[in-house]
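Chain and residue survey
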Amino acid sequence: MFSQEYRASWFRGVGAARCDVLAGMVGTFALIPEVIAFSFVAGVDPQVGLYASFVIGIVIAFAGGRPAMISGAAGSVALVVGALVQAHGLAYLLAATVLAGAFQIVFGLLKLDVLLRYVSRSVRTGFVNALAILIFSAQVPQMVGVDWHTWALIAAGLAIIYLLPRLTRAVPSPLVCIVVLTAITMAVPMPVHTIADLGRLPDGLPHLALPDVPFSLATLRIVFPYALAMAAVGLLESMMTATVVDDLTETASSKARECTGLGVANMAAGLFGGIAGCGMIGQTVGNVRYGGRGRLSTLTAGVFLLVVLVPLRPWVAQVPVAALVAIMIMVSVSTFSWGSLADLVRHPKVSSVVMLATVAVTVATHDLAAGVVVGVLLSGVFFAFKVTRLMDVSVGHDPGSDTRIYTVSGQVFFASADVFAQRFDLRETAPHVRIDLTRAHLWDVTAVAALEDVVARLRRHDTAVTVVGLNQASASLVDRHAPRVREGAGLAPALDPA
């Protein structure tokens, strides 16, 4: 039985439904050129990508966890599979797509979406900005080597998109842009590119069929690495896109369900002759900007895609590419986080470096996953460095008992363990040494090994060593991994687990 929240994500009133349908229709037209472009990148016929987008859009509307999010066969997933298609053909790509979907279902069921918590805000901002740049750069080929007619249509399209909302918001201005510019080019023939020039459009409905590959271990060896890469890249882009929509709509969503839904959608896409897909942030942002908030907008984008491409194929083929370019320019401008430019000065330098590195790597490689991975790694390195600097060891002396006292404060883990060990004088002249860890925490076996090494070396110089102040978690680690802290040379140092 569907929950009330799930039902509400489908229907929130007649007005909201109308906005969802119109916004989904705009998303469809924005979807077509990018899907065709990435189909060429993957080395497959454009109809393979369009079929997949149709299937993914319908399935994920029901199974996904993020309402208003548009998914399709585009993005870095296409960059992963080019070598597979070239070496083994389309059939093996379809098999890899089905397997990738299975991986994503497992990922969602295990709720591994929590790994997204390790993606910092700086990385997310860099992801969004890089995507905006890539969306705009993808339009440049359509603006180079063309005559003034194309430029005039693009300018007219942008004028409609930005000025019409000042008069009325009853109909999304990008949809009006498509209709008006198409009418102009049909009434006044001019030398401009149309959708028909981008590639072969589908001329029928997709059909269900198993990939035509041998079901053997040899086939698994071929498709496994590609399927795993497709699954990882698709999940990463979808989770980042879902997070952006969460921020735009100020609502929460189930990332685990989105992972599972994407897996089901990709398995269906592979069985219907399509390539794997993922969340498409440009089209999703456009959908949200023009009123799409529910699952109906996602379903509309998928259904309308095939509706316009099959029955209305002759008319859709005449839509000028300039109209689509104008829409994508609007999407890139609205996607870019312009406030992040001012944040470069106001935010800490390490945060700015992480954001810029994410942008630079993504734009250089055209791979959103690579940019995010670099950003996450840099964030981790900078965080570890910062925490390491907060660790301190102060040295004191108790004349009454002739005891050297080392007071440790901060976090001791793999990145700070060496610094911790270097703060001790291993040729200590005092007969007694007390290591006070009351204000410290040992996080891992590297930290425990460093403590064990310090204690062992001091005891080799006939120094009586006492370790005090260990909290419960640190004491448990010491008991399991550093028995020499308790034992050695007939000494029994006090160990305080308080």
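The next point concerns the pattern of salt bridges. Opposite charge on two side chains lets them pair, provided their charged atoms get close. Evaluation of the coordinates by the stated rule reveals six salt bridges. Note that Asp246 and Arg66 form a salt bridge whose closest N and O atoms lie 2.5 Å from each other. Within this pair, whereas Asp246 is found in helix α9 (residues 217-249), its partner Arg66 is found in the loop between α3 (46-63) and β1 (71-72), the two being separated by 180 residues in sequence. The exposure class of Asp246 is buried, given its relative accessible area of 10%. In this structure, Arg423 and Asp392 form a salt bridge, with 3.2 Å as the shortest nitrogen-oxygen distance. Linking Arg423 in the loop between α18 (417-422) and β5 (432-442) with Asp392 in strand β3 (residues 392-398), this pair joins segments that are 31 residues apart in sequence. The structure contains a network of salt bridges with shared partners spanning Arg66, Asp246 and Lys255.

With that settled, consider the sheet that holds β5. The strands making up a sheet associate through hydrogen bonds between their backbones, and the pairing can be parallel or antiparallel. The strand order β3-β4-β5-β6 describes an open sheet built from four strands, whose pairing is mixed. Only two strands of the sheet have a single neighbouring strand rather than two, namely β3 and β6 (464-468). Direction aside, neighbouring strands of the sheet carry axes that sit 20° apart on average. Pairing of β5 with β6, which is carried by five bridges, proceeds in the parallel orientation.

As a further point, take the nonpolar core. Grouped together as the largest cluster of nonpolar side chains are 103 residues, with contacts concentrated most on Phe127, Met230, Ile275 and Leu309. Core analysis: the next-biggest nonpolar cluster, separate from the first, contains 28 residues, Val433, Ile435, Leu437 and Ala450 among them.

A rise of 1.5 Å per residue sets the reference length of helix α8 (residues 173-187), with its 15 residues, at 21 Å; its end C-alpha atoms lie 21 Å apart and thus fit the reference within 8%. When we look at burial in α8, the residues that qualify are Ser173, Pro174, Leu175, Cys177, Ile178, Leu181, Thr182 and Thr185.

Turning our attention to unusual backbone geometry. Working note: non-glycine residues mostly have negative phi, and peptide bonds are mostly trans. Here Ala68, not a glycine, exhibits a phi torsion of approximately 75°, which is positive. We classify Ala68 as buried; its relative accessible area is 0%. Even without a glycine there, the phi angle at Asp462 is positive, about 60°.

What follows is about the side chain of Ser173. By the element assignment, Ser173 lies in helix α8. Side-chain polar atoms of Ser173 contact the side chain of Tyr290, separated by 3.5 Å. Once residues within four sequence positions are removed from consideration, Ser173 is found in contact with Ile160, Ile161, Leu164, Pro165 and Tyr290.

Reading the values: rules and limits
Residues numbered from 1 in each chain as written. Predicted model: local features only at pLDDT ≥ 70, side-chain atom pairs only at ≥ 80, totals over all residues. Heavy atoms only, no water. Salt bridge = Lys/Arg side-chain N within 4 Å of Asp/Glu carboxyl O. Helix = DSSP H or I, 4+ residues; strand = E, 2+ residues; numbered from the N terminus. Buried < 20%, exposed > 50% of the residue type's maximum accessible area, 1.4 Å probe, protein only. Pairing = 2+ DSSP bridges. Axes fitted to C-alpha atoms, helices over the stretch in contact; angles between N-to-C directions. Core = buried A, V, L, I, M, F, W, Y, C linked by side-chain atoms within 4.5 Å. Expected span 1.5 Å × (residues − 1). Polar contact = N/O pair within 3.5 Å; in protein donor to acceptor, adjacent residues only side chain to side chain. Contact = heavy atoms within 4.5 Å.

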